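Residue-level structure breakdown
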Amino acid sequence: MKNKKFTDYRIVKKGDSDYPERLMRIKDAPEKLYVRGALPDSNKKTVAIVGARNCTEYGTTLAKTVARILSMNDVQVISGLAMGIDTAGHIGAIEVEKPTFAVLGCGVDICFPTHNSNVYERILDYGGGILAEVEIGTPPLPYNFPLRNRIISGLSDVVIVVEARDKSGSLITADFALEQGKTIFACPGRVGDSLSRGTNYLIKQGAYILTSADDVLEHLGLIVDGLMPKAEKDVSTLDYFERLIYDTLQEGTLHIDQIVEKVKIPINKCLNTIMSLELNGFVETTINNYYRRAI
């Protein structure tokens, strides 16, 4: 997508007052950035969420849910607008109308991939930003993407990797993060699963294990006395299916088969929705596929 009326960009140069403070601390910081919308606020915590383009539904749900929770707790989410995990991270922030930021491997006047044009525009609608170090009009050339990954990690306090193959752009981002002294969280996966090889490798190398957004919030010092902020319990943030299941569980502890029967949605959709509710802290598992509202 190229905006036909595209004039609303600015150039921020190293040394300018609004040049991102975090980038000043990294090796090979870009000399200038082309920016549409806003830049991340240097006074707020920022987390990158990256991962496989050809991801699973589980990975998509996890990335979206973690991004949503982080955003609700005033943590900025940054990624690369690629399909799969990147997109899910952006959407998680957009769903709660919070800023998210995309670093492109092409000019900021180009949306790549093109079918992400709606996400591209919604990033700008909710106070986020689109940025790149390459010139306006630069096409999405392959060698630009590994280079932009150092900016994604450089702008972040923490990098989360959700599903990655053993040769993955996400691992390049993780390598940059390590060089920059950033913290890495990785989502563990099944041994032998190709989409888990990259994340399991990172964990083997010392990355923190991601089990929920709480892990990251605690690392960032945003959980007080072991409790999540009250904003997470605001049911107005739940989507239609989440609210349907949450309301159903007011009856008490129910088996997954009972939940499926009551809400009349396919079991896979039901399980993914419950996982989202668990990650948000609304629902908890008891035993043998029984679920209840979290206390």
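Refer to the structure above for everything that follows.
Residues numbered from 1 in each chain as written. Predicted model: local features only at pLDDT ≥ 70, side-chain atom pairs only at ≥ 80, totals over all residues. Heavy atoms only, no water.

**A look at the pairing of strand β4 (residues 76-79)**
The two faces of β4 match: Gln 76 and Ile 78 on one face and Val 77 and Ser 79 on the other face are all buried. Sheet topology places strand β3 (residues 46-51) next to β4; 3 bridges connect them, and they run parallel. From the neighbouring strand, Thr 46 faces β4, where its bridge partner is Gln 76. Once you follow β3 into helix α2 (residues 57-72) and on to β4, the crossover reads as right-handed. Where β4 and strand β5 (residues 100-103) come together, 3 bridges link them in parallel fashion. Its bridge partner lying in β5, Ser 79 is registered against Ala 102. In this fold, the crossover linking β4 to β5 by way of helix α3 (residues 85-95) has right-handed handedness. (Buried < 20%, exposed > 50% of the residue type's maximum accessible area, 1.4 Å probe, protein only. Helix = DSSP H or I, 4+ residues; strand = E, 2+ residues; numbered from the N terminus. Pairing = 2+ DSSP bridges. Right-handed = clockwise from strand over helix to strand, strands pointing away.)

**Brief notes about the layout of surface pockets**
Estimates place the volume of the largest pocket at around 320 Å³. What lines the largest pocket is a set of 21 residues, and nearest its centre among them are Gly 51, Arg 53, Ser 168, Gly 169 and Ser 170. When residues of the lining of the largest pocket are traced back to their parent elements, those giving at least two are β3, α5 (144-154) and α6 (169-179). Across the lining of the largest pocket, the residue classes break down as 9 nonpolar, 7 polar and 5 charged. (1 Å grid on protein atoms, 1.4 Å probe; cavity = no way out; pocket = protein on both sides within 12 Å on 5 of 7 lines; lining within 4 Å. Points joined across faces, edges and corners; volume = space filled by probe spheres on them. Nonpolar A, V, L, I, M, F, W, Y, C, P; charged D, E, K, R; others polar.)

**Structural notes on the sheet that holds strand β10 (residues 254-255)**
Taken in spatial order, the 3 strands of this open sheet run β10-β12-β11, and their pairing is antiparallel. Strands with a single pairing partner mark the edges of an open sheet, and in this sheet they are β10 and β11 (283-285). For β11 and strand β12 (residues 290-293), the ladder comprises 3 bridges, and the chain directions are antiparallel. From the neighbouring strand, Glu 284 faces β12, where its bridge partner is Arg 292.

**Structural notes on the packing of aromatic side chains**
With the rule as written, the count across this model stands at 5 aromatic pairs. Ring centres 5.2 Å apart and planes at 80° place the aromatic pair Tyr 240 and Phe 241 in the edge-to-face group. Classification of Tyr 240 by relative accessible area gives exposed; the value is 61%. (Phe/Tyr/Trp six-rings, centres within 6.5 Å; stacked < 30°, edge-to-face > 60°.)

**Overview of the side chain of Arg 150**
One can find Arg 150 in helix α5. By relative accessible area, which is 9% here, Arg 150 ends up buried. Among residues more than four places away in sequence, those in contact with Arg 150 are Ile 26, Asp 28, Ala 29, Pro 30, Glu 133, Phe 176 and Gln 180. (Contact = heavy atoms within 4.5 Å.)

**Some details on helix α9 (residues 240-248)**
Residues of α9 that are buried: Glu 242, Ile 245, Tyr 246 and Thr 248. Each buried residue of α9 sits inside an arc of 160° when the element is viewed along its axis, so together they form one side. On its buried face, α9 is in contact with α2, β10, α10 (256-263), α11 (267-280), β11 and β12. (Arc of directions from axis to C-beta.)

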